[in-house]
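# Survey of secondary and tertiary structure
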Amino acid sequence: MKRKIEDALAAWKDSPFRKPLVLQGARQVGKTYSVLKFAREHFGNAVHLDFSAQPDARRMFDGDITPDVLLPQLEAFAKTSIGKDTTLLFFDEIQVCPRALTSLKYFQERAPEYHVVAAGSLLGVALGREEYSFPVGKVDALSLYPLDFEEFLWALDEEALGRLIRASYAADAPLGLHDRALALYRDYLIVGGLPEAVLAFSRDEGYARVRTVQAAIADAYLADMTKYASPLDGARILNVWRSVPEQLAKENHKFQYATIASSARAHQYEASIHWLAAAGLVSFCYRVREGARPLRAHAEHDFFKLYLLDVGLLGALQGLDMQDLAPAADKGSRFRGGVAENYVMQQLVAGGVEPFYWGTASKSEVDFLVQTEEGVVPLEVKSGVNVGARSLEAYRRRYAPACVIRISAKNFGFENGIKSVPLYAAHCIA
């Protein structure tokens, strides 16, 4: 599969300011695959240490972890020479070996000419432990997420359609293949962007097989929650995780502790929510008091929405099928809004955008606000073609934004100061 991270990895390799790279991301998003593909295409050789599967690899880091001592051991372990420009050193599942993480500091200081990449699926969680010392200022960092919709199109050999979507977005011109693109968008709502699920779908293995893959990945996430947390914390993390699909099924998607349990309180579950975020399994979207730059300065951290890392996984946990997400299906109407929001959030996060939302005491609420060089852009999300939005109009009257975007099932266009963006083009915003 072609991934956008490939361009970022190539830019890192060629940068004169390159440091050892830490690639973060949730389990099963394709970190190992992407790094090894990058190694094949840009290096003559790769030394891949999987600290989870190779205990002997961890033992090399028990003593002196400076490059002068480590490199000869790594060459003997891998039975290959390590060239400065011809070999990629890949430390995989680095959260299992804290001293390997610390060694990146010494590679940056004493052997910056070597190419070193480290990846970890629970690195954000591990860094909260005392034995971990993150080499601040000594590493570069990238994050990998599930495939966005454009990468999904690439996986299905629909690159030409992807180019047409970007051209229509830039020109505000209707897309002739609008219905086809919408159908693929609805496929994506079921399949999502987890690589194994996308691979199964691209091989025509059917939606049932996709759901089986997603169930196995969800089980792996549950196993991590119990393995890397105390019994009490693990139980609370599980409760929060299971509540997120229910939170998004409500008419008001703001996170409410009472949805977990009637007696639940913030002080009991705040740490559990942040654990899930550190593991890359959920993303925060905070409310802001004002629609003005910088948005972070106006964030109200007591009011937020939580979205799952992958919309396909959300549908699997909610038990949704294609019929539920069809435009005329009343059965799934209460879920479609939350699913569409989660989808848009996933596209924005994958594009490196940090969204917020705006709300008032009068219950006016704009789904997302994003910050650009030109100012703050409000995004209203509609799962169908009914695009009435009183909250968006209230926001426009109050802040008079230079740009307003409405994301819906309607085709591209620009009318009354509102840029119309089809759901399948949400990635273009990022």
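Residues numbered from 1 in each chain as written. Predicted model: local features only at pLDDT ≥ 70, side-chain atom pairs only at ≥ 80, totals over all residues. Heavy atoms only, no water.

### Quick look at the nonpolar core
- With 112 residues, the main nonpolar core has F149, I165, Y221, Y343 and Y424 as its most contacted residues.
- Among the nonpolar cores identified, the runner-up in size contains 26 residues, and V22, V47, I65 and L101 belong to it. (Core = buried A, V, L, I, M, F, W, Y, C linked by side-chain atoms within 4.5 Å. Buried < 20%, exposed > 50% of the residue type's maximum accessible area, 1.4 Å probe, protein only.)

### Observations regarding the sheet that holds strand β13 (residues 418-422)
- Spatially, the eight strands line up as an open sheet ordered β7-β6-β8-β9-β10-β11-β13-β12, and their pairing is mixed. Bordering the open sheet on either side are β7 (299-308) and β12 (413-415), each of which pairs with just one other strand. Between one strand axis and the next, the sheet turns by 35° as a mean value, whatever way the strands run.
- For β12 and β13, the ladder comprises three bridges, and the chain directions are antiparallel. When the bridges of β13 are listed, G413 appears paired with S420. (Pairing = 2+ DSSP bridges. Helix = DSSP H or I, 4+ residues; strand = E, 2+ residues; numbered from the N terminus. Axes fitted to C-alpha atoms, helices over the stretch in contact; angles between N-to-C directions.)

### With respect to the side chain of Q347
- Tracing the sequence through the fold places Q347 in helix α16 (residues 333-350).
- In this structure the side chain of Q347 is engaged in a polar contact, spanning 2.8 Å, whose partner is the backbone nitrogen of F149.
- Side chain to side chain, Q347 and Y188 meet in a polar contact 3.3 Å long.
- Other than its neighbours up to four places away in sequence, Q347 contacts D148, F149, Y188, A426, H427 and A430. (Polar contact = N/O pair within 3.5 Å; in protein donor to acceptor, adjacent residues only side chain to side chain. Contact = heavy atoms within 4.5 Å.)

### Regarding helix α2 (residues 31-42)
- Under the 1.5 Å per step criterion, the end-to-end length of α2 is 16 Å for twelve residues, consistent within 8% with the ideal 16 Å.
- All of the buried residues in α2 are K31, S34, V35, K37, F38 and A39.
- Buried residues in α2 make contact with α1 (5-14), β1 (21-24), β2 (45-50), β3 (87-92) and β4 (115-120). (Expected span 1.5 Å × (residues − 1).)

### Some details on the side chain of D224
- Along the chain, D224 turns up in helix α11 (residues 207-227).
- When neighbours within four sequence positions are excluded, D224 is seen to be in contact with R27, L122 and W275.

### Focus on helix α17 (residues 390-399)
- Of the residues making up α17, those classed as buried are S391, L392, A394 and Y395. All buried residues of α17 project into a common sector of 160° when viewed along the axis, lining one side. Facing away from the buried side of α17, by more than 90 degrees, are the exposed residues R390 and R397.
- Close packing links the buried residues of α17 with β8 (356-359), β9 (365-372), β10 (375-381), β11 (405-408) and β13.
- Following α17 by one or two positions, A400 has its phi on the positive side, about 45°. (Arc of directions from axis to C-beta.)

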